[in-house]
Protein chains: 2
Amino acid sequence: MTVSFAQIKESTPFVFDQNCGTRVVLDHIMSKWGVLVLSCLSDGTHRWGALRREVDGISEKMLASTLRTLADDGLVHRESLPTVPPHVEYSLTPLGRDLMERMLPLMEWVADHADGMLERG
Amino acid sequence: MTVSFAQIKESTPFVFDQNCGTRVVLDHIMSKWGVLVLSCLSDGTHRWGALRREVDGISEKMLASTLRTLADDGLVHRESLPTVPPHVEYSLTPLGRDLMERMLPLMEWVADHADGMLERG
DNA sequence: CAGCATCCCGGGCGATACTG
DNA sequence: CAGTATCGCCCGGGATGCTG
């Protein structure tokens, strides 16, 4: 049985209040690009260029800023190999993998239901 | 065992491409206010005023537009009682409840880990 | 190859006022 | 009570160009 939203708020008072840290984390991981970058990395380590190609439509600026934010949050690990030309690899941290275990079922649901939802609108 | 992101994309070609419907649905349900309104409604039927008070910080404009979007998507049911003064109730549709079954574990994770993530940043 | 700096536009969103 | 209407600001984010 999954927890209810009321139970979450009961066990953690003031959670989801306007100035609570949850709002910041939600903004990061549920952001337009954050979701897609995290999902992509859930398949394993990716290089910068691979992410740029896989996350369809993302600009370099947003890829850089999204990766930095997620790395600061401790969800993404950045590994820069001291080669020429540069070679940088991104992967999920254990915390990030833990998160994606909860997020992927949601992504699967969206993939399954999106078209049906929109054709009626 | 949860599905991998690669498996999702394999079983549904072109899903999560830039012009795919999934991007629209993601924008709706993972939006700043959409997440919170849906979570609130997952606890049961709420009146307009109750939502306004419970979703801390939301403006009337954004509450109205968020509710309309989610209703158009078939996730939220709007019931207007013909009384004076007006009395309108919002609740999740079966589709909405199905979605929240996948989203609430994620919300619980965020509530549990948010503070720890931010104090290091 | 993997970024950062700069410029700039559109619209998301908040504030305020008004209505059935 | 449950909205709609209007105004205006801010900033997300795209485009372009430069660097180690």
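These lines cover the structure that appears in this document, whether it is placed above or below. Predicted model only: the values in this text are computed from it and were never measured. (Residues numbered from 1 in each chain as written. Chains lettered and ligands numbered in written order. Predicted model: local features only at pLDDT ≥ 70, side-chain atom pairs only at ≥ 80, totals over all residues. Heavy atoms only, no water.)

## Considering the relation of the copies chain B and chain A
What connects the two chain copies is a rotation about an axis and a shift along it.
Reasoning step 1: In the superposition of chain B on chain A (RMSD 0.1 Å, axial shift 0.0 Å), the rotation amounts to 180°. Such values leave the two copies arranged in the relation of a two-fold axis. For chain B, the minimum C-alpha distance to the rotation axis belongs to Met30(B) and amounts to 2.7 Å.
Reasoning step 2: Comparing interface residues between copies, 100% of those in chain B also sit at the interface in chain A, which points to an isologous, same-surface contact. (Least-squares fit on C-alpha atoms with pLDDT ≥ 70 in both. Contact = heavy atoms within 4.5 Å.)

## Re the protein's contact with DNA strand D
Reasoning step 1: In the vicinity of DNA strand D, 18 residues are found, and the nearest of them are Lys61(A), Pro86(A), Arg47(B), Arg78(B) and Tyr90(B).
Reasoning step 2: Contact distances for DNA strand D include 3.0 Å between a phosphate oxygen and a backbone N or O atom of Gly49(B).
Reasoning step 3: Between DNA strand D and the protein, one listed contact pairs a phosphate oxygen with a side-chain N or O atom of Tyr90(B) at 2.6 Å.
Reasoning step 4: Taken together, the elements giving at least two residues each to the surface near DNA strand D come down to helix H5 (60-72) of chain A together with helix H4 (48-54), helix H5 (60-72) and strand S3 (87-92) of chain B.
Reasoning step 5: With four residues, H5(B) is the largest single contributor of residues to the surface near DNA strand D. (Near = heavy atom within 4 Å. Polar contact = N/O pair within 3.5 Å; in protein donor to acceptor, adjacent residues only side chain to side chain. Helix = DSSP H or I, 4+ residues; strand = E, 2+ residues; numbered from the N terminus.)

## Some remarks on the nonpolar core
Reasoning step 1: With 76 residues, the main nonpolar core has Leu38(A), Met103(A), Leu38(B) and Met103(B) as its most contacted residues.
Reasoning step 2: Once residues lying within four places of it in the same chain are set aside, the contact partners of Met103(B) are Met30(A), Leu106(A), Ile29(B), Val35(B) and Leu38(B). (Core = buried A, V, L, I, M, F, W, Y, C linked by side-chain atoms within 4.5 Å. Buried < 20%, exposed > 50% of the residue type's maximum accessible area, 1.4 Å probe, protein only.)

## Some details on the side chain of Ser39(B)
Reasoning step 1: Residue placement: Ser39(B) occurs in helix H3 (residues 32-41).
Reasoning step 2: The residues touching Ser39(B), leaving out its near neighbours within four places in the chain, are Phe5(A), Met100(B) and Met107(B).

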